[in-house]
Protein chains: 2
Amino acid sequence: MKPLEDYLIIDFSQFLSGPSASLRLADMGARVIKVEKPLTGDICRSMYTSDLIMNGESSIFHTINRNKESFAADLKHPEDLNHIKTLITKADVVMHNFRPGVMERIGLSYDDVKVLNPNVVYAEISGYGLHPELVGNPGQDLLLQSLTALTWLTGNADDGPVPMGLSIVDMLAGAHLAQGILAALYKKAIQNTGALVQVSMLESAIDFQFETITTYFNDGGELPERTKSNNAHAYLGAPYGIYKTKNGYLALAMGSIPVLAELLSCEALLQFPENKFSLRDEIKTVLANHLETQNTSYWLNILEPADIWCAGVLNYQELFEEDGFKVLDFVQKVTMGDGYSYDTTRCPIKIDGELLKSDKGSPKLGEHTDKILKEFIGNG
Amino acid sequence: MKPLEDYLIIDFSQFLSGPSASLRLADMGARVIKVEKPLTGDICRSMYTSDLIMNGESSIFHTINRNKESFAADLKHPEDLNHIKTLITKADVVMHNFRPGVMERIGLSYDDVKVLNPNVVYAEISGYGLHPELVGNPGQDLLLQSLTALTWLTGNADDGPVPMGLSIVDMLAGAHLAQGILAALYKKAIQNTGALVQVSMLESAIDFQFETITTYFNDGGELPERTKSNNAHAYLGAPYGIYKTKNGYLALAMGSIPVLAELLSCEALLQFPENKFSLRDEIKTVLANHLETQNTSYWLNILEPADIWCAGVLNYQELFEEDGFKVLDFVQKVTMGDGYSYDTTRCPIKIDGELLKSDKGSPKLGEHTDKILKEFIGNG
């Protein structure tokens, strides 16, 4: 039995941050009813997310919303709102990621919902929390990366700001919301009380940088400095980085420079008798020039037996074609109500040795409205 | 009262992934006893992590291990091991991130620990899960980024692989472990049974890419392609990216190209009557040339009132000096047992409107050994 089996989540959230949290809870066994606007639904069904359309909708929607039911409701329409309120009386968790004020205007603020269901866990993701100037701004991933200085950590010194190429802030805020909800469900199980769980993308993006920010706070206000080439972390010395080889790339993590000089037969490295942080640009340049002279496998065959922290650099094709990867059983085929099937990834958490898999695909907009009405309201 | 108040976690994990999970649980109120090797302790107290030493130890150690106690024990020494076993009988959670086989050899595998404490939640992070070829390899962040193709998503098309400049895989695996532990504690509260929770850095790094990987799986095996310039996401069309302005940078998320053409008075953009994905390189080039002609604030003053998703690009100094940031109360001063104080960030999750703060700094190696022995063993 999955840990959240029999739990009901009413999820008003859209796009990525909130829906990624409810996906995780669905994988853990919860039943997630996704409430969507009639006709258009979740904005990410259609909005510029990738040029790949699957079964009429964006690939990203299908990725994030598998294993959920869709209930179409117009929250400005009194009858629909009454149905939603009935659903809420049965819910363990109510969650949303609207801009501040929206749930209040609809009459579904935490205070409103507590009247309907006193022990509910009410969870929300905002873009900017209590930040007074930003509170009404769009909580969009790239903007959050830019406003929280995250873009000055990746890339090389002369590259300007480089964003991370995934919706990282959305996913972190979603992970934090899932943690908060799970802690609140635990507390509810022990004390039979609900809770309000709040996360903001702004705070999640800052928390993500706790390591570099704490160093910044205690480093006399020096801004993080990336290396001129082969940067992989602003506060780490050489060799930390990815290097070009004759036929590909090699990742090198922490390691002693004199030991590397000897193993790699790189005389020019011997001028650096220790891993001096202030010389990391010079060390990386010497290393980079040397590593270009041989193939990746040549270097790996020397470094791996010597327990140096190194690896080749794979792309998706190389990764997923490995026999080793297949052993992980990480790909799952899910099927939508209309029979359309697609491959996606599974939940990364294993409990009692069991994978948390499910073959349920994403819902068509409003696919489960009638069923849910019959089940909870009785007059669908 | 914090949700995990009175809960006891015995944490054998080192470096970042495991300790970041126990930090989150500590913030939620759990008592975390960090078990460390005598003399050297957690490898990240000293190892090449940044050139910033605070109170004799690496800044990263202080960041990740605040709000914990340190118990020094040599797990190869029978008396120390017996003390640990006594501690385990009182624990709610036992966690580690050793390479596979280490806890088994010590006699602290899940099966061993269940004999001591049948309802324990036993949680572990490995580098590579069940991957047969990689299982014994070092579970290091940069290597995991390289082996899971993550490095082909950031940077521009001709940059080669670009790693994300933070220990992102460590932090994701830690976040997933925390989720699994919380779900297991919840199940324990309901059913009074323990659980085994397993996460691997490899699977966490793949899960993180669920969006791009699902697109890859369903896109006929086409590898993700970054744009030639201003890339921020391999599967998103123009304008998505960060652009240089006359005096700084501007982030632009999703938006209609014709609308932008008009707002920005950019005639050259009018040749693109829609956001055609296949023309995103060309669109970005035109935009980049145009945005360089004025200051960031000039563009923001036009775009923000028109509800275009845009933002300036801040660095740490600009971020933390904002009055708005200070309202978040995100910086906390913590103090070590010897009186040394430092500033760091707090937990990003708010429960019932309360911040989960704590002023307890990181422990000196073995600082709490005697106190814990007296408390649990009685003969310190």
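Residues numbered from 1 in each chain as written. Chains lettered and ligands numbered in written order. Predicted model: local features only at pLDDT ≥ 70, side-chain atom pairs only at ≥ 80, totals over all residues. Heavy atoms only, no water.

Some thoughts on the overall build of chain A
Next, step 1: Regarding its fold elements, chain A presents 15 helices and 15 strands.
Next, step 2: With the C-alpha coordinates of chain A rotated into their principal frame, the extents come out at 80 × 50 × 40 Å.
Next, step 3: Per element, the accessible surface of chain A, about 13,600 Å² overall, is 49% carbon and sulfur.
Next, step 4: Taking the average place of the 32 positive charges on the side chains of chain A and the average place of its 49 negative ones, the gap between the two points comes to 6 Å. (Helix = DSSP H or I, 4+ residues; strand = E, 2+ residues; numbered from the N terminus. Areas by Shrake-Rupley, 256 points an atom, 1.4 Å probe, with all protein chains shown as cover. Lys, Arg positive; Asp, Glu negative; His and termini not counted. Charge placed at Lys NZ, Arg CZ, Asp CG, Glu CD.)

Considerations on the interface of chain B and chain A
Next, step 1: Contacts between chain B and chain A engage 140 residues on the former and 140 residues on the latter.
Next, step 2: Where chain B abuts chain A, roughly 12,400 Å² becomes buried across the two surfaces, and 68% of that area is made up of carbon and sulfur atoms.
Next, step 3: Sorting the residues of chain B by area buried against chain A places B:Tyr186, B:Phe210 and B:Tyr316 first, and these three jointly supply 7% of that buried surface.
Next, step 4: Across the contact surface, chain B and chain A share 6 salt bridges.
Next, step 5: Summed over the shared surface of chain B and chain A, the number is 40 residue pairs in polar contact (both at pLDDT 80 or more).
Next, step 6: For the side of chain B that touches chain A, the element with the highest residue contribution is helix α7 (residues 168-191) of chain B, accounting for 16 residues.
Next, step 7: Among the residues forming the side of chain B that touches chain A, the class breakdown is 83 nonpolar, 41 polar and 16 charged.
Next, step 8: Bridge count for strand β8 (residues 195-200) of chain A against strand β14 (residues 350-351) of chain B is 2 bridges, and the pairing is antiparallel. Bridge pairing links A:Gln198 to B:Lys350 in β14(B). (Contact = heavy atoms within 4.5 Å. Buried area = accessible area lost by both parts, 1.4 Å probe. Salt bridge = Lys/Arg side-chain N within 4 Å of Asp/Glu carboxyl O. Polar contact = N/O pair within 3.5 Å; in protein donor to acceptor, adjacent residues only side chain to side chain. Nonpolar A, V, L, I, M, F, W, Y, C, P; charged D, E, K, R; others polar. Pairing = 2+ DSSP bridges.)

Some remarks on the nonpolar core
Next, step 1: A:Ile168 and B:Ile168 are the most contacted members of the largest nonpolar core, which has 158 residues in total.
Next, step 2: In this structure B:Ile168 touches A:Met164, A:Ile168, A:Phe208, B:Asp141, B:Gln145, B:Leu150 and B:Phe208, once residues within four positions along its chain are discounted. (Core = buried A, V, L, I, M, F, W, Y, C linked by side-chain atoms within 4.5 Å. Buried < 20%, exposed > 50% of the residue type's maximum accessible area, 1.4 Å probe, protein only.)

Here we look at helix α15 (residues 369-377) of chain B
Residues and elements named next belong to chain B.
Next, step 1: Restricting attention to buried positions, one finds in α15 the residues Thr 369, Ile 372, Leu 373 and Phe 376. Taken end-on, α15 shows its buried residues confined to a sector of 105°, consistent with a single buried face.
Next, step 2: Note on α15: the residue one or two positions beyond its end, Gly 378, has a positive phi of about 90°. (Arc of directions from axis to C-beta.)

Regarding the packing of helix α7 (residues 168-191) of chain A against α7(B)
Next, step 1: Contact geometry of α7(A) with α7(B) gives a least axis separation of 9 Å together with a crossing angle of 20°. Here α7(B) runs roughly parallel to α7(A), going by the angle between their axes. Of the two elements, α7(A) crosses α7(B), and the hand of that crossing is left-handed. Contact residues: A:Ile168, A:Leu172, A:Ala175, A:Ala178, A:Gln179, A:Leu182, A:Ala183, A:Leu185, A:Tyr186, A:Ala189 and A:Ile190 in α7(A); B:Ile168, B:Leu172, B:Ala175, B:Ala178, B:Gln179, B:Leu182, B:Ala183, B:Leu185, B:Tyr186, B:Ala189 and B:Ile190 in α7(B). (Axes fitted to C-alpha atoms, helices over the stretch in contact; angles between N-to-C directions. Parallel < 35°, antiparallel > 145°, perpendicular 65-115°, else oblique. Left-handed = near helix turned anticlockwise from the far one by under 90°.)

Some details on the relation of the copies chain B and chain A
Next, step 1: Expressed as a screw transformation, the operator carrying chain B onto chain A has a rotation angle of 180° and an axial translation of 0.0 Å, and the superposed copies differ by an RMSD of 0.0 Å. Both copies of the chain, as the preceding transformation shows, are related through a two-fold rotation axis. Proximity to the rotation axis, assessed at the C-alpha, singles out B:Tyr186 in chain B; its C-alpha lies 2.2 Å from the axis.
Next, step 2: Mapped onto chain A, 100% of the interface residues of chain B again fall at the interface, so both copies present the same surface. (Least-squares fit on C-alpha atoms with pLDDT ≥ 70 in both.)

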